[in-house]
Structure formats: structure tokens, C-alpha cells
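# Report on the structure
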Amino acid sequence: MILAAIVAWIVAPLSPGVLVLQFAWTPRTFGEIVHLWPPEDLARYRAHLWVDGALLLAYGVLGYLLGTQTRLFAPLSLRLRRLAPFVLPLAAAFDAVENVLQAWLTAMPRFDVAPVYLASAACSALKWGLLFVFGALLLWALARGDEEDAPDCG
């Protein structure tokens with residue numbers, strides 16, 4: 001939580017925000033966003049990538065440990081129980097690739113490598129999708145756990 005708060009604090013002044021940059025699928029869109037930032041904001045964004053690296057490592061490990069060292073996902077089917085430990089680590093891996101690509105793309109203008117912008121945005125989309133999947137699995141497991149703990153009224 002502390003790392004997430006630090007990341008949020010670092011990037012809060014950026015306008016447009018980081019999420020908009022994460023979903024910039026083309027060099028033109030990416031460049032338009034970065035060029036709206038003054039040099040100190042671009043430096044702020046680049047600096048946040050180091051803290052975000054620590055955050056992605058933390059949430060990846062947390063997801064794996066929750067899936068392997070707790071009974072949190074026990075109410076789910078065997079297939080989902082086997083999947084759950086790997087959702088956050090996979091999201092963290094996509095986040096790491098996204099960070100590396102965005103660090104490279106923001107180091108200097110690189111408008112001739114459109115596939116790299118596409119890959120960066122795709123990694124972001126996959127990361128966010130997996131984070132939502134983990135949240136859904138967690139909520140589903142918690143809801144099913146409550147059902148199993150409920151008294152039988154029949």
C-alpha cells in the first residue's frame with residue numbers, strides 16, 4: 001500500500017495522467033501526451049518507473065503467496081485455484097515490460113518504431129486486465145466462502 005501511495009503521489013501532478021500514456025497505442029498519441037508535459041514532469045514520470053518496479057515486484061509476490069500459502073481461493077474450482085497464484089505475477093511481468101518500453105520511449109523521441117508503442121500499450125492493457133481478473137477471483141472466492149459458511153436453513 002505504501003508503494004502504491006508513493007507512486008500515486010509522484011505521478012499525481014501529471015496532466016494528462018499516466019493512465020492516458022499507458023494506453024497511447026501510436027507514436028503520435030504518445031508524443032502528443034509527452035510533449036504536453038514540461039521537462040520536469042517528464043523527469044518525474046521517468047523517476048516513478050523505479051518505484052513502480054518495486055511496486056510490481058511486491059504485488060507479483062503477494063499474488064503468488066496468496067494463491068499458494070493461504071486458503072483464500074479454496075472456495076473456487078480446482079482450475080481457478082491453480083490459475084490464481086499466477087495472475088498477479090503475470091500482471092507484474094507485463095507491467096515490467098511496459099515500464100522498460102516506456103523508459104526507452106521517453107528517453108528521446110523515437111517515432112519510427114510504431115510496434116514498440118503498440119507493444120507498450122498492449123502490455124499495459126494485459127496488465128490492467130489481469131489485475132481486474134485477480135480482483136474478480138478474489139471477490140468470487142470471498143463471496144463463495146461466505147456461502148459455504150452460511151447456516152443451512154433447510
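Look up a bit, the structure's there.
A brief report on the enclosed structure follows. (Residues numbered from 1 in each chain as written. Predicted model: local features only at pLDDT ≥ 70, side-chain atom pairs only at ≥ 80, totals over all residues. Heavy atoms only, no water.)

### Here's the deal with the side chain of Arg110
Take Arg110: it is sitting in the loop between α5 (78–107) and α6 (114–149). A distance of 2.7 Å separates a polar side-chain atom of Arg110 from the backbone oxygen of Trp104. Once you skip the residues sitting within four places of it in the chain, Arg110 turns out to touch Trp104, Leu105 and Tyr117. (Helix = DSSP H or I, 4+ residues; strand = E, 2+ residues; numbered from the N terminus. Polar contact = N/O pair within 3.5 Å; in protein donor to acceptor, adjacent residues only side chain to side chain. Contact = heavy atoms within 4.5 Å.)

### Description of the packing of helix α1 (residues 2–11) against helix α4 (residues 39–69)
Two elements in contact, α1 and α4, have axes whose closest approach is 9 Å; the angle formed by their N-to-C orientations is 165 degrees. It follows that α1 is roughly antiparallel to α4 by the angle criterion. Helix-helix and strand crossings are classified by hand; for α1 and α4 the assignment is left-handed. Here Leu3, Ala4, Ile6, Val7, Trp9, Ile10 and Val11 of α1 come into contact with α4, specifically with Arg44, His48, Val51, Asp52, Ala54, Leu55 and Ala58. (Axes fitted to C-alpha atoms, helices over the stretch in contact; angles between N-to-C directions. Parallel < 35°, antiparallel > 145°, perpendicular 65-115°, else oblique. Left-handed = near helix turned anticlockwise from the far one by under 90°.)

### A look at a nonpolar patch on the surface
Taken together, the side chains of Leu19, Phe23, Trp25, Leu118, Trp128 and Phe132 make up a nonpolar region of the molecular surface, amounting to roughly 600 Å² of accessible area. Tallying contributions element by element places α6 first for the nonpolar patch, with three residues. In this structure Leu19 comes out as partly exposed when scored by relative accessible area, which is 48%. (Patch = residues over 30% accessible without salt bridge, like charges linked within 9 Å, V, L, I, M, F, W, Y side chains within 5 Å. Areas by Shrake-Rupley, 256 points an atom, 1.4 Å probe, with all protein chains shown as cover. Salt bridge = Lys/Arg side-chain N within 4 Å of Asp/Glu carboxyl O. Buried < 20%, exposed > 50% of the residue type's maximum accessible area, 1.4 Å probe, protein only.)

### Some remarks on the pattern of salt bridges
In total, this model carries three salt bridges according to the counting rule given. When the shortest N-O distance is used, the salt bridge between Glu32 and Arg28 registers 3.0 Å. Here Arg28 and Glu32 lie together in helix α3 (residues 27–36), a separation of four residues that amounts to about one turn. Note on Glu32: relative accessible area 41%, which makes it partly exposed. We note a salt bridge from Lys127 to Glu98, for which the minimum N-O separation is 3.0 Å. Here the residue Lys127 occupies a position in helix α6, and Glu98 occupies one in helix α5, the gap between them amounting to 29 residues. Take Lys127 and Glu98: they sit in the same class, and that class is buried.

### Brief notes about α1
Helical periodicity: at 3.6 residues per turn, an α-helix aligns residues three or four positions apart in one direction. Among all positions in α1, only Val7, Ile10 and Val11 are buried. Each buried residue of α1 sits inside an arc of 85 degrees when the element is viewed along its axis, so together they form one side. Residues Ile2 and Trp9 are exposed on α1 and point more than 90 degrees away from its buried face. In this structure, the buried residues of α1 make contact with α2 (18–22) and α4. (Arc of directions from axis to C-beta.)

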